[in-house]
Amino acid sequence: MGYSGARGGLDAILAAESLVRDARNDDPAPWLTTQQITGRMRLAVDRVMGEGSLYHEDTAADALRQAEGDVIEATHLVRAHQSTLPRLAISEPIDPDEMVVLRRIVPAHRTPDGPQLLGRTSDYTGRILDRDPRPESVVDADVTASAAERTEPQRRPRRFSEMLRELDLMVDSRPAADAAPTEPFDIARHPAGPPAPRSAILASMARAETGSLIGTWYRSIRGPEGNIHEVTLGEVRHGRLPLRVAHPHTGNPVQLGHIRASECEAIEDLNGPDEDRSRFDVGYGLCFGHNERKAIAMANLDIACRRFGDADGLEQVLLLTTDGLDSCGFLEHLKLPHYVTFRSMIDRKRAVRGAVDGDEITGRHADPIGRTC
């Protein structure tokens, strides 16, 4: 509302909002329903849920429709809506091993324990634009049926990292068995700054803007010589996790439903002077919905933070600059009136020019330490 203080500013704001509503209402195209958005733009919906920190597909779809497809604006709407909601309960901790796997790929092993489930993805198809809006041909029913009929071990396969641990090839970064449990850092209620616990860094990455996080990851794996450091993915998953809360009367956990999440374990070759070069380290990433790019970037950056901390400023970057609303909010505010500050800049330039012109007229010039000669 920075224009409201200018002459006619409030009227201009109301007129601008009216233009948005009129264009939306006068469009002859049918109005997109919430179900159409969640069903046909599921990846955009999942991204808004993750960056908005609110797992509710219909809310994310409504925000996307109101924002006219702008993911950052939709995320802003979801965050604002989330701030109005009461906290009725705190969910119970979820064991990721409970995930019912819908998609699972293991790039690091040809024949891992359990199946490779390609699931619903276009990773292996040609990028050819289809201009025909008609429904695609139905896949062979036998193939669809065989894909749906999965056993319990196939839907909950053993992790690839467990094999590395059994071979004594993985650094054990888990807390000691006798260590006191720590509550996860709540970034929604408390700002996180370096040095921060691992839970705060992971939570910040889970709701970070996807493109910003990928850019940070890509910069972190490029060496000064321009070569890409070796990156190996142990496992990438997408599936359903149970959502439980404690019953208000009995205290027993009660399952309310499930959430979809993407998960990744990244393998890092330890080669530092103070590291155990006979073992690997494994980074972890988990985020709402089907967003494998974010989960992969998270897992690799998780290792980087553990290995190097904030030595190169990475932790500070992840905590303070990857949030889409923070970074875009600073950028967007530049469109608001800045005539007062810019006028002061002009006055300073004129003062400097006047001082220089005066020195030239009198034949005096200021030296670097302020004396005249």
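Source: prediction; values computed, not measured.

Chemist: What should I look at first to understand helix α10 (residues 210-221) in this one?
Modeler: Side chains that are three or four residues apart share a direction in an α-helix, a result of its 3.6 residues per turn. With 12 residues, α10 extends 17 Å from end C-alpha to end C-alpha; this agrees with the ideal 16 Å at 1.5 Å per step. Buried residues of α10: Thr210, Leu213, Thr216, Trp217 and Ile221, and no others. Buried residues of α10 fall within an arc of 130 degrees about the axis and therefore sit on the same side. Looking at where α10 begins, the residue whose side-chain oxygen comes 3.2 Å from the main-chain nitrogen of Gly211 is Glu209.

Chemist: Could you clarify how one ought to interpret the sheet that holds strand β4 (residues 280-288) in this entry?
Modeler: Strand pairing in a sheet is mediated by backbone hydrogen bonds. Such pairs are either parallel or antiparallel. Sheet architecture is open: four strands sit in the order β1-β2-β3-β4, paired in antiparallel fashion. With one partner strand each, in any of the chains shown, β1 (100-105) and β4 form the two edges of the open sheet. Taken over all neighbouring pairs, the strand axes of this sheet differ in orientation by 25 degrees on average, direction set aside. Examined bridge by bridge, strand β2 (residues 232-246) and strand β3 (residues 253-269) share 14 bridges and lie antiparallel to one another. Within β3, the position partnered with Arg244 by the bridge is Gln255.

Chemist: Hey, could you run me through the nonpolar core in this one?
Modeler: Nonpolar side chains tend toward joint burial in soluble globular proteins. In terms of nonpolar packing, the biggest core is built from 29 residues, with Ile201, Met205, Leu213, Met298, Leu301 and Leu318 touching the most fellow members. Counting residues per element, the ones that place at least two in this core are α9 (198-206), α10, β2, β3, α11 (292-308) and α12 (314-320). In terms of residue count, the dominant contributor to this core is α11 (eight residues). Counting 13 residues, the second-largest nonpolar core is a separate cluster that includes Ile37, Val48, Ala61 and Ala63.

Chemist: Would you take a moment to explain the side chain of Arg260 for this structure?
Modeler: Its place among the elements puts Arg260 in strand β3. For Arg260, a relative accessible area of 15% corresponds to the buried category. Of the polar contacts made by the side chain of Arg260, one reaches the side chain of Glu57; its length is 3.0 Å. What Arg260 contacts, discounting residues up to four positions off in sequence, is Asp46, Met49, Tyr55, Glu57, His238, Gly239, Arg240, Phe288, Gly289 and His290.

Chemist: Would you mind going over the packing of helix α3 (residues 42-52) against helix α5 (residues 71-82) with me for this structure?
Modeler: Helix-helix packing is described using two parameters, namely the angle between the two axes and the distance between the axes. The contact between α3 and α5 brings their axes to 8 Å, and the two run at 50 degrees. Here α3 lies oblique to α5, going by the angle between them. You can see that α3 and α5 cross each other, and the crossing is right-handed. Packed against α3, whose contacting residues are Arg47, Val48, Glu51 and Gly52, the element α5 presents Val71, Ile72, Ala74, Thr75, Val78, Arg79 and Gln82 at the interface. A breakdown of the residues in the contact of α3 with α5 according to their chemical character gives five nonpolar, three polar and three charged.

About the criteria used
Residues numbered from 1 in each chain as written. Predicted model: local features only at pLDDT ≥ 70, side-chain atom pairs only at ≥ 80, totals over all residues. Heavy atoms only, no water. Helix = DSSP H or I, 4+ residues; strand = E, 2+ residues; numbered from the N terminus. Expected span 1.5 Å × (residues − 1). Buried < 20%, exposed > 50% of the residue type's maximum accessible area, 1.4 Å probe, protein only. Arc of directions from axis to C-beta. Polar contact = N/O pair within 3.5 Å; in protein donor to acceptor, adjacent residues only side chain to side chain. Pairing = 2+ DSSP bridges. Axes fitted to C-alpha atoms, helices over the stretch in contact; angles between N-to-C directions. Core = buried A, V, L, I, M, F, W, Y, C linked by side-chain atoms within 4.5 Å. Contact = heavy atoms within 4.5 Å. Parallel < 35°, antiparallel > 145°, perpendicular 65-115°, else oblique. Left-handed = near helix turned anticlockwise from the far one by under 90°. Nonpolar A, V, L, I, M, F, W, Y, C, P; charged D, E, K, R; others polar.

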